[in-house]
Amino acid sequence: MNNEDKKKFIINVHKEFMSARPYDDSFSIERMKEKEELFWKRYESLFCEKLPQKLYKYRKCSEQNIKAFEDDFAWFSTPSEFGDIVDSTLNTDIESELEEIEKNPAPHIKRISTAIINVMLAPYGQSLDENMLDSVLPLFNENGEVKEEDAKKLLGEKLPEYASDQYAKQLVNSTQLSNQEPILESVKGFLNLYLEFNKKIRNETYVYCMAEENDNLAMWETYADSASGFCIEYKFDKGTFLGQKMLLNLFPIYYGEKEQIKFFDVLVRGLEAKQKINGISYDDYAKWFLSAYTKDPTYSFQKEWRIGFTKEMGGCKQSFPFASSIILGEKITDDNKNKLVDIAKRKGIKVYQRKLNISGSKIILKEI
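Each chain carries its own residue numbering, running from 1 in the written order of its sequence. Per-residue local features of the predicted model are confined to residues with pLDDT of at least 70, and side-chain atom pairs are confined, for both listing and counting, to 80 or more; whole-chain, interface and lining totals are unaffected and use all residues. Side-chain calculation: all heavy atoms of the structure are included, whereas hydrogens and water are not.

A.B. asks: How should the packing of aromatic side chains be read in this particular structure?
C.D. replies: The description of two aromatic rings rests on the distance between their centres and on the angle between their planes. Only Phe, Tyr and Trp rings are paired, with Trp represented by its six-membered ring, and only when their centres lie within 6.5 Å; those with planes under 30 degrees apart are stacked, over 60 edge-to-face, the remainder tilted. Considering all chains together, one arrives at 24 aromatic pairs under this definition. Ring centres of F69 and F230 lie 6.3 Å apart, and the angle between their planes is 55°; on these two criteria the pair is classed as tilted. Separated by 161 residues along the polypeptide, F69 in helix α3 (residues 63-71) and F230 in strand β4 (residues 230-234) bring together distant segments of the chain. Ring geometry for F73 and W75: centres 5.5 Å apart, planes at 90°, overall edge-to-face. Burial classes follow relative accessibility: with a 1.4 Å probe on protein chains only, a residue under 20% of its type's maximum area counts as buried, one over 50% as exposed, and anything between as partly exposed. Look at F73 and you get buried, because its relative accessible area is 12%. The class for W75 is partly exposed, based on a relative accessible area of 30%. In this structure an aromatic cluster arises from ring pairing among F9, F17, F39, W40, Y43, F47, F251, F289, Y293 and W305. Here K295 stacks its cationic end above the ring of Y299, 4.7 Å away from the centre of that ring. Only DSSP runs of H or I covering at least 4 residues are called helices, and only runs of E covering at least 2 are called strands; the numbering of each starts at the N terminus. Throughout this description, the term charge over a ring refers to an Arg CZ or Lys NZ atom that lies within 6 Å of the ring centre and within 35 degrees of the ring normal.

So this is what it looks like as structure tokens:
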């Protein structure tokens, strides 16, 4: 897949996830298992052939890394531990949003009130076009309040007679100046809540990063201790539960610019959305998901894929019995080489070592 194909892959897999969620609370355990099996079959038919057949992890020859290879487990890390300080963050400017709301609250109250109206109108198949409000009916005054007579007129046209008075009073009460302060405080609370959510993504998501290539000189230099380390080749067995778990949470990194997310817009769309999670519309949630897998193009040499889990799906230590071969760096010490070769032989997997060709112009792999 090229870079743009990876972006589409992230978006399309996320859409497929959303189509299968949330689970109905009334589902029995058996029904949930059945639904998960059906989802896996659909995922396998749509996406598995697009995944790399092999992925690679560049490692230093530390005692911990050698032990993890020997015992078939992997140490997952939180994005906050990475060198890229904006890894897995959302592109936001909450400070400016809060400042704007404090300086000019009326249009924000107007937008929220419009969303509330649309929620009321939705059961009747009606909606309000905010952009046409002022030209068709000056429903809001300069303070962002709703005028009662206009509210009754508008709602009387949209709703059954018995409901219009009740909703008109509710609208007027919710937008009066005396009520604007708690409304704005709620908005600020929402913005700050998801600022905290952004921090949670970086600090409480566990990820394992791998690369598409095993011969990247920059990767050997940076992540395998200047070629004195080793590189593990992984193949995921989709016929096992553990293999499926890893594949379902395996995504490429898209190298590009993150779309800016305005949280007030997210709040308003969430009020009106029919499909949402934690008050966030599916469309906005998709943008968040893509942002978490987007990195600056200067990192594109990594050709990274990563497996990511929430805290609820397990901790930083995960069973990872997927090593299919191992490559030793050309500068590895004899002691570390002997340790790794011995482990690989006991596992029954092949061992290769990087070496210069006779002319010294190219690095080649030799099976040990």
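Having seen the model, we can carry on.
A.B. asks: Can you walk me through the environment of Y223 in this structure?
C.D. replies: Looking at where Y223 falls in the secondary structure, it is placed in helix α10 (residues 217-223). Setting aside anything within four residues of it in sequence, one finds Y223 in contact with Y58, R59, K60 and Q302. Distance and chemistry together define a polar contact, namely a pair of N or O atoms within 3.5 Å, with one atom able to donate a hydrogen and the other to accept it when in protein, and with adjacent residues in sequence counting only for side-chain atoms on both sides. Looking at Y223, its side chain comes within polar contact range of the side chain of Q302, at 2.9 Å. Residue contacts are counted whenever heavy atoms from the two residues lie within 4.5 Å of one another.

A.B. asks: How do you make sense of the packing of helix α1 (residues 3-19) against helix α13 (residues 282-292) when you look at a structure like this?
C.D. replies: If you want to describe how two helices pack, look at the angle between their axes and the distance between the axes. Orientation of α1 relative to α13, taken along the N-to-C sense of each, is 135°, at an axis distance of 10 Å. Overall, the two elements α1 and α13 adopt an arrangement that is oblique. For the pair α1 and α13, the crossing hand works out as right-handed. From α1, K7, I10, I11, H14 and M18 reach across to α13, where they touch Y282, Y285, A286, F289 and L290. Helix axes use the C-alpha atoms of the stretch in contact, all axes being lines fitted to C-alpha atoms, and the angles between their N-to-C directions lie in the range 0 to 180 degrees. Just so you know how the angles are binned, under 35 degrees is roughly parallel, over 145 roughly antiparallel, 65 to 115 roughly perpendicular, and the rest oblique. Here a crossing is called left-handed whenever its near helix is offset anticlockwise from the far helix by less than a right angle, and right-handed whenever the offset is clockwise.

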